[in-house]
Every structure is written in structure tokens, then in C-alpha cells.
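The residues making up each chain are set out below.
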Amino acid sequence: MSTPSSAPAPEPTDASWTAATRRFLERRLPLTHLLPSRQPFFVGSWVYVFGVVAITALVWVIGSGIVLAFFGPGWFHVSALGRFVNSIHFWGVQLFFFFVVLHLWGQFFMASWRDGRAKTWLVGVVIFVAGLVTGFTGYVSQQNLDAQWIAINAKDGINATGAGSFFNVLDFGQMYGIHVMLLPIFVTMLVVLHVVQVRMRGVVNPIEPKVPAGRSKPPTDVAS
Amino acid sequence: METPATYIQLGFIVISVPNLIVIVGMVAVFLAALFAPFPAHHEIDGDGDEHPE
């Protein structure tokens, strides 16, 4: 007859991939990290606003792009409302790149790849490059003389790289499909990943953090 | 939109006026972001220990 033990029973080990994923997310991305209500004092700067402004511009670009895809060039090149939505799409892209580059400048000068954030930086680089390709395929998908001019001039440069065999800028169907389907999904997924990566590690500390009043030393780095 | 842009040439540097305006605007906004006061500063936490692991 066994006697009851006062020691706590060991937790059952679950080797399934779902349990491993759950443990990883619980350890690396608790809700307090994903939706923080407080931030370090140095985040009180407009430099930290550039990224979310770029995301806001991306939301407008995707929203206006959905409308443009539904109604088509016979609408957005002709009617007043269509040209207005087309302009929102165009200027949204300009704002997106304007603030993405400002975000890049800010993160570059504060060396935001420090303390285990290299993957976050690299995903940002891929977002920037994918955004460039998305913009280019959009320019050649406009269905006007501007698009033809850009495609005719771009084909020689792209063919010279050897990429023309699978990336044919004169193939409207390919350019349009890439522009309205593949790259928007790709960029959106990467932006979500980028934000989650930032939330997992927190915002990088300044290189020379300011010492708050009443403190004798700057905040310690918080990354694992 | 129907006329070609004006270009500025300084030695080997050639840039259109619209591109120059955008670049100058970006530098101006970046500098403004560095030095302009942030309105919510007083509501932000005083320590940097929000993400301990």
C-alpha cells in the first residue's frame, strides 16, 4: 500500500508540436508583450511614430487597392470618384515609402539590430524590397500609356539581369497577379511578423539612454 | 504631369526638382521628429523594464 507524497506531482510532458508551439508562444509572446499598456520613457519621441504611420499608409493602400481591383481601369481612369480612389492609392504608396525610409533612418541610427533583434531588422529589409517590387508591378499595371512606357523601358534592364525569363514586365497578367495578390499578401504577412518581432523583444534601448530624474543609472537592457 | 521635370546638375550629381523636394522634406521631417517635443511624454513609464525575460 503506497503512502501519499507531499511533493507536487510532475507536470505531464506533452511532446506534440501544438504543445511545443503553445509553450513557445507563452514564453516568448505573452499578452503583456503583445499588447503593452506602458512603454519605456525613451519611446516618447516622434522617431518611434514613423513605423506605425507607414503601417497606416499601407492600410489605406490595401483598402483603396481592393476598391480599384473590383471596379477596374474603366472606372478609376475615367470617373471622378474612380480617379479620387486611384489618387488615394498612389499617394498612399508615396506616404508609405516616405515613412518607411524615415523609419529605416531612425532604426539605422539607433542600431536597432542590437540585442537579438537582427531578424527583426532583416524582415524590415525584406519588407522594403518587397514593397519596391510591389510598387513597380503596380506602375506597370495601371493600364495606361504611363504603364506601357515604364514596362517597355524596364524590360531591357530586367532582361539584362536574366530575370526576364520568369519576370516578364510585358506580361500584364503576370504583373497584375503579382501586384494585387502575391505581393500584398506577402508584405502584409511580413509586416505582421515584423510587429510581433518588435513586441517579443521590446523596443531597443537608445545607445546613450537618458537618465530619468531621480535615477542614478540608465534603464537596463530588457532583451533576453 | 504632362511636362518633363526640371533637373538640377551639380557636377556629377543630377537630380530632378520633385525628387529633391521629397528628399529635403524627408530630412526636414526626420530632424523635426528628433527635436519636436512629444505630447504624451508625461504619460510614459519611467523605467525600461517592460519586457523582462
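Residues numbered from 1 in each chain as written. Chains lettered and ligands numbered in written order. Predicted model: local features only at pLDDT ≥ 70, side-chain atom pairs only at ≥ 80, totals over all residues.

With that settled, the discussion passes to the domain arrangement of chain A. Residue and element names in this part refer to chain A. Along its sequence, chain A is organised into domain 1 (45-98) and domain 2 (111-201). Using only C-alpha atoms to locate each centre, domain 1 and domain 2 end up separated by 16 Å. Each side of the interface is counted separately: domain 1 has ten residues, and domain 2 has seven residues. Among the elements of the structure, α3 (50-71) and α5 (80-109) are those that each provide at least two residues to the side of domain 1 that touches domain 2. Broken down by element, the residue count for the side of domain 1 that touches domain 2 peaks at five residues, all from α3. Taken together, the residues of the side of domain 1 that touches domain 2 break down into eight nonpolar, two polar and no charged. (Domains from an automatic or database assignment. Contact = placed C-beta atoms within 7 Å. Helix = DSSP H or I, 4+ residues; strand = E, 2+ residues; numbered from the N terminus. Nonpolar A, V, L, I, M, F, W, Y, C, P; charged D, E, K, R; others polar.)

Time to look at the nonpolar core. Residues and elements named next belong to chain A. Counting residues in hydrophobic clusters, the biggest one holds 14 residues, and the most contacted among them are Phe50, Ala54, Ala57, Leu58, Val61, Phe96 and Phe99. Those elements giving two or more residues to this core turn out to be α3, α5 and α8 (172-201). When residues of this core are assigned to domains, at least three map to each of domain 1 (45-98) and domain 2 (111-201). Beyond its immediate sequence surroundings of up to four residues, Phe99 is in contact with Phe50, Val53, Ala54 and Ala57. Counting residues in hydrophobic clusters, the runner-up holds five residues, among them Val140, Val169, Met175 and Ile178. (Core = buried A, V, L, I, M, F, W, Y, C linked by C-beta atoms within 7 Å. Buried ≥ 20, exposed ≤ 12 C-beta atoms within 10 Å, placed from the backbone.)

Our focus in this paragraph is helix α1 (residues 17-35) of chain B. Taking 1.5 Å per residue, 19 residues should reach 27 Å; α1(B) reaches 27 Å between its end C-alpha atoms and fits that length. In terms of burial, α1(B) is largely open, as just zero of its 19 residues are buried. (Expected span 1.5 Å × (residues − 1).)

What follows is about helix α6 (residues 118-139) of chain A. Residue and element names in this part refer to chain A. Look at α6: 32 Å from first C-alpha to last across 22 residues, which is about the 32 Å you get at 1.5 Å a residue. Those residues of α6 that sit buried are Thr120, Gly124, Ile127, Gly131, Thr134, Thr137 and Gly138. The arc that holds every buried residue of α6, seen down its axis, measures 145°, which confines them to one face. In α6, those exposed residues whose orientation departs by more than 90 degrees from the buried face are Ala118, Val125, Val129 and Leu132. Along its buried surface, α6 packs onto α5 and α8. (Arc of directions from axis to C-beta.)

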